[in-house]
Amino acid sequence: MTDADAQNFYVASTPPPPPHAPLRGETRADVCIVGGGISGLSAALHLIERGFTVALLEAKHLGFGGSGRSGGQCIFGYASGQEKLEKLVGAADARSMWDIALEGMKLQRELIARHSIGCDYVAGHMHVGVKARHDTELRAEVESLHESYGYRSVRLVGREELRTIVPSERYTSGIYDSNSGHLQPCKYTLGRAAAATRAGVKIFENSRVTKLDMATHANADSLAHTESGTVRARHLLIAGNALLGRLVPELARKLMAVGTYIAATEVLGPERASALITNNAAVADINWVLDYFRRSADHRLLFGGRVSYSGVDPFDSARVLSARIRRVFPQLHDTRIEYAWGGYVDITPNRAPHFGRLAPNAYFLQGFSGHGMVLAGIAGKLTAEAIAGSAERFDVFAKIPHGDFPGGTYFRRPALVLAMLWFRLKDLL
Ligand SMILES: Cc1cc2nc3c(=O)[nH]c(=O)nc-3n(C[C@H](O)[C@H](O)[C@H](O)COP(=O)(O)OP(=O)(O)OC[C@H]3O[C@@H](n4cnc5c(N)ncnc54)[C@H](O)[C@@H]3O)c2cc1C
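Throughout what follows, the structure given in this document is the object of discussion. Source: prediction; values computed, not measured.

1. A word on the overall build of the protein
Looking only at helices and strands, one finds 13 helices and 17 strands in the protein. Here the protein has a C-alpha radius of gyration of 21 Å; the compact-globule value for 429 residues is 22 Å, and the two agree. With the C-alpha coordinates aligned to their principal axes, the bounding extent of the protein is approximately 65 × 45 × 45 Å. Looking at the protein as a whole, 57% of its 429 residues are labelled buried. A separation threshold of at least 6 residues defines the contact pool for the protein, and within that pool the share at least 24 residues apart is 74%. Taking the average place of the 49 positive charges on the side chains of the protein and the average place of its 42 negative ones, the gap between the two points comes to 2 Å.

Structure representation (structure tokens):
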């Protein structure tokens, strides 16, 4: 556990897993994975099930990234939306991506059941509007999902019905999806890690990769170096995502690591908590700088929102989130915040996921843009398929065009702040 974990409600409510020793000396494996979040752990399990040997290097501890601190909302589709994907890759590939995202949701539930992962999974998700113009957008989205994609688990929820589910004056209408849901992300990630460990994946914690020597030929090995050791492997998967930093500059250029924060209230008790979201769905509003919230299994409200690039201490975010909670639920004016934590969400400028190769055998996964709880799992499976020789599905994603985020090395942070101000302004219009 690190200082950053002390205020994370998920860490506090998850039994500590057995630690994995850091890498020392040289180790060989068929595949070396950088990053112990859902992407890396999913790829590891799928690879070992296909007969590969796998070594996974994690800079801190498993689940330290978004995977162990997220809102836990497991949402259908892509943050970019299908229309944007159709423009980026054409209708046929956009359709394949849609099918893969749905497969990801099914896979998530199957894995939870197969490996008996106790992660408090609950079905149901609501995407809610906060302005009259959002009603039209949400209605159009439901129609398009029904007609173009045959996705029938979504339905429009009008203002009156919505008030009976989420008793807040703030929301105008919403989409309810019975196929999406929510879970406790730290338990989910560590459950996946336990399954990978049992299957034989060699995991090393406190083992930050500081240098990569990527083979330029398919028949040569790559090397991943940490301070105290090296992994030699034929294949490499870089799954460090928003926490990868500058290890691979060409990946950093394509990603915005956007700070977002979550607060957990004190325990409200079953009656008070269930009155806030009567169907126990996860809720997210439609804004770019969105509020997202859900009930926890122990009857708290978990409320996320607000973004930052400068890093804000957890106590300040508790104060800010408390104000946002009261804006949605004035009835919680006397409620205490018990935990507040944050993390970096992996967002691409076009909000489509960013997968690809840096060398013939060096793969990467990043940029799930707020949909990683589902997509990171299926992304790991697609990478395992590609390494095993069937790259068709991985390559549908690798074809998505991604621009560099503007700003270059020196102006990147100010450019991010300006971009964020622009998106906040759009939300207000
Ligand atoms: C506060 C917050 C709320 C979110 N809410 C939601 C949500 O409700 N729904 C949703 O779908 N998504 C949400 N997300 C996004 C989601 O958590 C991520 O998309 C997802 O977890 C990405 O998984 P990953 O395995 O790719 O990356 P991560 O979980 O970030 O894992 C990457 C790992 O790589 C390690 N690493 C980095 N560099 C190195 C290195 N050099 N060497 C070794 N290891 C390294 C890191 O320590 C980290 O553990 C949220 C994210 C945050 C931060």
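2. What to know about the site of the ligand
With respect to spatial proximity, 39 residues lie near the ligand, and among them Ser39, Glu58, Ser67, Asn241 and Asp346 are the closest. Between the ligand and isoleucine 38, the relevant distance is 3.0 Å, taken from an oxygen atom to a main-chain nitrogen or oxygen of the residue. Backbone polar atom of glycine 71 to a nitrogen atom of the ligand: 2.8 Å apart, as the coordinates give it. Contact with the protein chains removes 98% of the 1000 Å² of surface that the ligand exposes when unbound. Broken down by secondary-structure element, the contributors of at least two residues to the shell around the ligand are α2 (38-49), β11 (256-265), β15 (337-347) and α11 (372-387). It is β15 that provides the largest number of residues to the shell around the ligand, a total of four residues. When its residues are assigned to classes, the shell around the ligand shows 16 nonpolar, 19 polar and four charged.

3. Brief notes about unusual backbone geometry
Excluding glycine, residues mostly have negative phi values, and the peptide bonds linking residues are mostly trans. Although it is not a glycine, serine 116 sits at a positive phi angle of roughly 45°. Within the secondary structure layout, serine 116 lies in the loop between α4 (91-114) and β4 (122-129). For aspartate 120, which is not glycine, the phi torsion reads 55° and is therefore positive. By the element assignment, aspartate 120 lies in the loop between α4 and β4.

4. Quick look at the pattern of salt bridges
Per the stated rule, a full pass over the model turns up 26 salt bridges. One salt bridge in this structure joins arginine 234 and aspartate 221, with 2.9 Å as the shortest N-O distance. Residue arginine 234 is located in strand β10 (residues 229-238), and its partner aspartate 221 is located in the loop between β8 (211-213) and β9 (222-225); the two are separated by 13 residues in the primary sequence. You can call arginine 234 partly exposed: its relative accessible area is 30%. Notably, a salt bridge pairs glutamate 338 with arginine 336, separated by 3.4 Å at the nearest N-O pair. With relative accessibility at 31%, the residue glutamate 338 sits in the partly exposed group. Looking at arginine 336, the relative accessible area reads 47%, which means it is partly exposed. Residues participating in the shared-partner salt-bridge network are Glu266, Asp298, Arg300, Arg336 and Glu338.

5. Some thoughts on the pairing of strand β13 (residues 292-295)
Taking every second residue as pointing to the same face, both faces of β13 are buried, with Tyr292 and Arg294 on one and Phe293 and Arg295 on the other. The hairpin turn running from strand β12 (residues 282-285) into β13, its antiparallel successor, is six residues long.

6. Remarks on helix α7 (residues 185-199)
Compared with the 21 Å implied by 1.5 Å per residue over 15 residues, the 21 Å span of α7 between its first and last C-alpha is a close match. For α7, the complete set of buried residues consists of Pro185, Cys186, Tyr188, Thr189, Leu190, Gly191, Arg192, Ala193, Ala195 and Ala196. Against the buried residues of α7 lie α1 (9-12), α2, α4, β7 (202-204), β13 and α11. Structurally, the start of α7 carries an N-cap: the backbone nitrogen of cysteine 186 is 2.9 Å from a side-chain oxygen of glutamine 184. In the stretch just after α7, glycine 200 is the one whose phi turns positive, near 115°.

7. What to know about the packing of aromatic side chains
In the structure shown here, the tally under the stated rule is 15 aromatic pairs. Ring centres 4.7 Å apart and planes at 20° place the aromatic pair phenylalanine 355 and phenylalanine 397 in the stacked group. Residue phenylalanine 355 is located in strand β16 (residues 354-359), and its partner phenylalanine 397 is located in helix α12 (residues 392-398); the two are separated by 42 residues in the primary sequence. As far as the burial class goes, phenylalanine 355 and phenylalanine 397 line up, both buried. Taken together, the ring pairs in this structure connect Tyr78, Phe355, Tyr363, Phe368, Phe394 and Phe397 into an aromatic cluster. Looking at lysine 60, its charged tip hangs above the ring of phenylalanine 64, at a distance of 5.4 Å from the centre. Over the face of the ring belonging to phenylalanine 64 we find arginine 69, whose NZ or CZ atom lies 5.0 Å from the ring centre.

About the thresholds
- Residues numbered from 1 in each chain as written.
- Predicted model: local features only at pLDDT ≥ 70, side-chain atom pairs only at ≥ 80, totals over all residues.
- Heavy atoms only, no water.
- Helix = DSSP H or I, 4+ residues; strand = E, 2+ residues; numbered from the N terminus.
- Rg over C-alpha atoms; globule rule 2.2 N^0.38 Å.
- Buried < 20%, exposed > 50% of the residue type's maximum accessible area, 1.4 Å probe, protein only.
- Contact = heavy atoms within 4.5 Å.
- Lys, Arg positive; Asp, Glu negative; His and termini not counted.
- Charge placed at Lys NZ, Arg CZ, Asp CG, Glu CD.
- Near = heavy atom within 4 Å.
- Polar contact = N/O pair within 3.5 Å; in protein donor to acceptor, adjacent residues only side chain to side chain.
- Areas by Shrake-Rupley, 256 points an atom, 1.4 Å probe, with all protein chains shown as cover.
- Nonpolar A, V, L, I, M, F, W, Y, C, P; charged D, E, K, R; others polar.
- Salt bridge = Lys/Arg side-chain N within 4 Å of Asp/Glu carboxyl O.
- Pairing = 2+ DSSP bridges.
- Expected span 1.5 Å × (residues − 1).
- Phe/Tyr/Trp six-rings, centres within 6.5 Å; stacked < 30°, edge-to-face > 60°.
- Lys NZ or Arg CZ within 6 Å of the ring centre and 35° of its normal.

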